[in-house]
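# Analysis of the macromolecular model
Letter by letter, the chains look like this.
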Amino acid sequence: MHAPNSKTMPQMPSADGGIWTVEKARALHDAPFNNLLFLAQTVHRQNFDPNKVQLSRLLSIKTGGCPEDCGYCSQSAHHGTGLKASKLMEVDRVIAEATKARDAGATRYCMGAAWRNPKARDMDAVVAMVEGVKALGMETCMTLGMLDLEQAARLKQAGLDYYNHNIDTSERYYSEIISTRSFADRLDTLEQVRQSGIKVCCGGIVGMGEEPVDRIDMLVTLANLPEHPQSVPINMLIPIAGTPLAEARPIEPIEFVRVIALARIMMPKSHVRLSAGRTAMTDEMQALCFFAGANSIFVGDTLLTANNPGEDKDLLLLRRLGIEPMELEGQ
């Protein structure tokens with residue numbers, strides 16, 4: 001048996017963490033694939049049960065008509081996707097949908113509204129949704145666009161566990177995708193959320209025409225926040241007709257798995273969520289992502305407005321892999 005070549009093995013990050021650099025992260029990202037996955041799985045096992053995956057459900061509580069011009073999004077009013085704008089969903093309906101999700105095994109319920117930021121007139125209903133879902137015994141998550149500190153504090157008081165606000169890509173590439181809000185705006189909202197005591201859910205999207213270094217730099221930004229996001233969703237772009245990225249070239253599967261592995265190594269205690277784009281992934285690709293450290297998925301037929309594998313297909317795959325749904329802490 002040959003001893004492993006230390007020159008080709010990526011080095012385990014130091015226990016004291018420290019500031020990540022693009023160079024340090026790139027050395028990990030570019031390591032031989034098997035070595036990268038071995039390290040990612042090692043880090044994963046040190047922090048999580050490798051055969052448990054958290055199941056989340058996502059509901060669009062207000063669809064379409066968004067004033068932002070995010071190039072990937074079907075809900076932007078700037079793009080001719082044919083999506084009709086809706087009003088904010090009634091609280092009772094949201095609670096009913098959350099109840100069905102809980103009964104189907106989801107432990108976290110995520111609610112998303114296509115807003116630049118929530119208006120004062122909508123906050124009472126949003127707060128009632130959080131309180132109602134929380135009363136079902138589920139973790140709550142919302143994504144409502146930019147927040148100020150007062151709004152974040154009110155959501156925290158209502159019992160919101162997580163707030164999702166993705167940085168999407170690297171600071172360098174960001175202006176190629178969005179012009180209506182800055183990269184700094186996104187970081188400001190993350191800081192408001194963190195200061196309010198709500199857990200941060202923040203990741204990005206790959207396959208938007210960015211370079212590999214942009215994916216690495218995105219993870220460096222997240223890993224260098226004052227605290228690692230407790231949840232890191234990694235989305236694979238779903239090209240949608242009518243959006244500027246409708247013809248974007250898909251990211252190679254192995255390159256995507258590298259991003260998952262790097263996220264796991266750089267943010268070892270975070271839940272790394274395999275998010276949008278799973279309909280385009282084979283079972284084998286998803287299995288590699290789980291091995292690389294992904295331990296959270298969205299279940300259900302839709303993610304906001306895009307298709308998602310149905311729960312039966314998801315549960316069948318997890319069963320084949322010997323992976324069980326994660327229970328809430330304390331249960």
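Quick caveat: nothing in here was measured; it's all calculated off a predicted structure. (Residues numbered from 1 in each chain as written. Predicted model: local features only at pLDDT ≥ 70, side-chain atom pairs only at ≥ 80, totals over all residues. Heavy atoms only, no water.)

### Some points on the packing of aromatic side chains
Under the counting rule described, the total for this entry stands at 1 aromatic pair. Their ring planes at 75° and their centres at 5.5 Å tell us that Tyr174 and Phe183 sit as a pair that is edge-to-face. Like Phe183, Tyr174 is buried. Between the NZ or CZ atom of Lys24 and the centre of the ring of Trp20, over which it lies, the distance is 4.5 Å. (Phe/Tyr/Trp six-rings, centres within 6.5 Å; stacked < 30°, edge-to-face > 60°. Buried < 20%, exposed > 50% of the residue type's maximum accessible area, 1.4 Å probe, protein only. Lys NZ or Arg CZ within 6 Å of the ring centre and 35° of its normal.)

### Some details on the pairing of strand E8 (residues 271-274)
Burial along E8 is two-sided: His271 and Arg273 and Val272 and Leu274, pointing in opposite directions, are all buried. Bridging between strand E7 (residues 231-236) and E8 involves 4 bridges; their strand directions are parallel. Bridging from a neighbouring strand, Pro233 pairs with Arg273 of E8. Chirality of the crossover, the property in question, places the unit of E7, helix H9 (residues 253-266) and E8 among those that are right-handed. In this structure, E8 lies alongside strand E9 (residues 296-299), joined through 2 bridges in parallel fashion. The partner of Leu274 across the bridge, within E9, is Ile297. Viewed along the sheet, the connection from E8 through helix H10 (residues 283-291) into E9 turns out right-handed. (Helix = DSSP H or I, 4+ residues; strand = E, 2+ residues; numbered from the N terminus. Pairing = 2+ DSSP bridges. Right-handed = clockwise from strand over helix to strand, strands pointing away.)

### Comments concerning the nonpolar core
Ile61, Met142, Leu155, Leu219 and Phe256 are the most contacted members of the largest nonpolar core, which totals 92 residues. The greatest single-element share of this core, amounting to 9 residues, is contributed by H9. (Core = buried A, V, L, I, M, F, W, Y, C linked by side-chain atoms within 4.5 Å.)

### Overview of the side chain of Arg278
Considering the arrangement of structural elements, one finds Arg278 in the loop between E8 and H10. Exposure remark for Arg278: the relative accessible area of 2% places this residue in the buried category. Among the polar contacts made by the side chain of Arg278, one reaches the main-chain carbonyl oxygen of Phe298 at a distance of 2.5 Å. At 2.7 Å, the side chain of Arg278 and the side chain of Asp314 are in polar contact. (Polar contact = N/O pair within 3.5 Å; in protein donor to acceptor, adjacent residues only side chain to side chain.)

### A look at the pattern of salt bridges
One pass over the full model with this rule turns up 15 salt bridges. With a closest N to O distance of 3.3 Å, Asp30 and Arg26 form a salt bridge. Measuring nitrogen to oxygen at the nearest pair gives 2.4 Å for the salt bridge that ties Arg154 to Asp124. Residue Arg154 is located in helix H5 (residues 149-158), and its partner Asp124 is located in helix H4 (residues 120-135); the two are separated by 30 residues in the primary sequence. The exposure class assigned to Arg154 is partly exposed, which follows from its relative accessible area of 33%. The exposure class of Asp124 is exposed, given its relative accessible area of 51%. One network of salt bridges, in which partners are shared, links Glu191, Arg194 and Glu227. (Salt bridge = Lys/Arg side-chain N within 4 Å of Asp/Glu carboxyl O.)

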